[in-house]
Amino acid sequence: MGDATIEGSAWRLVEVGRVVVINGDHPDAGRLAAIVEIIDHKRVLVEGPSSNPELATRRQPLRLSRALLSPLVVEGLERGVRHATLKQRWEKSEIDSKWEQTNWAKKREQKSRRDNLTDFERFKVLRLKKQRRFEERKALAKVKASA
């Protein structure tokens, strides 16, 4: 018989310790939370003890249709863990710093920054993009001319 290599899937599973982003029309939309307990096949109990007050959430049940599963996991978390233990494991796993480094968080930050621009600031961005495009095309023309 030949050797078989078994690889686990790259799916983001609903599991205790999985970090989720709350979405939809929920009051805590855009905040981070960790799954503390699985209530049933459609709901989980979540809590987000983030040190950033804009990302922290209180303990609450959440429908899975309002949760986006992130690739981050709080390691070594037992089911139904209390707030103090969750906060300790959250900080030990450095979830806040890992979240800030993800492309997901960077895109959300960029989108919120763009949404808060005034009309004149949007105009300045337009002009800067136009200047950059002009410089790139000029450099490309120079390369083509020398080739």
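As a starting point, this report considers the structure included with it. This structure is a prediction, so every number in the text was calculated from the model and none was measured.

**Re the pattern of salt bridges**
Evaluation of the coordinates by the stated rule reveals 11 salt bridges. Where Glu 78 meets Arg 89, a salt bridge forms, and the shortest distance between an N and an O atom there is 3.5 Å. Of the two residues, Glu 78 is situated in the loop between β5 (67-73) and α1 (83-92) and Arg 89 in helix α1; the sequence distance between them amounts to 11 residues. On the basis of relative accessible area, Arg 89 is assigned to the partly exposed category, the value being 22%.

**Details of the nonpolar core**
In terms of nonpolar packing, the biggest core is built from 16 residues, with Val 19, Leu 32, Val 74, Trp 90 and Trp 99 touching the most fellow members. At the level of elements, β1 (18-22), β2 (32-38), α1 and α2 (95-101) are the ones that each hand at least two residues to this core. Among the elements that line this core, the one with the most residues is β2, at three residues. Those residues in contact with Trp 99 that lie beyond four places of it in its chain are Val 21, Leu 32, Leu 55, Leu 72, Trp 104, Ala 105 and Arg 108.

**Here we look at the sheet that holds β2**
Adjacent strands of a sheet form backbone hydrogen bonds with each other and so pair up, either parallel or antiparallel. Reading across from one edge, β4-β3-β2-β1-β5 is the order of the five strands in this open sheet, with antiparallel pairing throughout. Looking along the sheet, the strands with just one partner apiece sit at the ends: β4 (57-63) and β5. With strand direction ignored, the average angle separating the axes of adjacent strands in the sheet is 40°. Here strand β3 (residues 43-48) runs beside β4; their pairing, made up of five bridges, is antiparallel. Of the residues in β4, the one forming a bridge with Val 46 is Gln 60. Docked against the sheet, α1 engages β1, β2, β3 and β4, running at close to 130° with respect to β2.

**Quick look at unusual backbone geometry**
In the Ramachandran plot, Glu 94 falls in the positive-phi region, its phi being about 55° despite a non-glycine side chain. By the secondary structure assignment, Glu 94 is in the loop between α1 and α2. Under the relative-accessibility criterion, Glu 94 is labelled partly exposed at 47%.

Procedures and definitions
- Residues numbered from 1 in each chain as written.
- Predicted model: local features only at pLDDT ≥ 70, side-chain atom pairs only at ≥ 80, totals over all residues.
- Heavy atoms only, no water.
- Salt bridge = Lys/Arg side-chain N within 4 Å of Asp/Glu carboxyl O.
- Helix = DSSP H or I, 4+ residues; strand = E, 2+ residues; numbered from the N terminus.
- Buried < 20%, exposed > 50% of the residue type's maximum accessible area, 1.4 Å probe, protein only.
- Core = buried A, V, L, I, M, F, W, Y, C linked by side-chain atoms within 4.5 Å.
- Contact = heavy atoms within 4.5 Å.
- Pairing = 2+ DSSP bridges.
- Axes fitted to C-alpha atoms, helices over the stretch in contact; angles between N-to-C directions.

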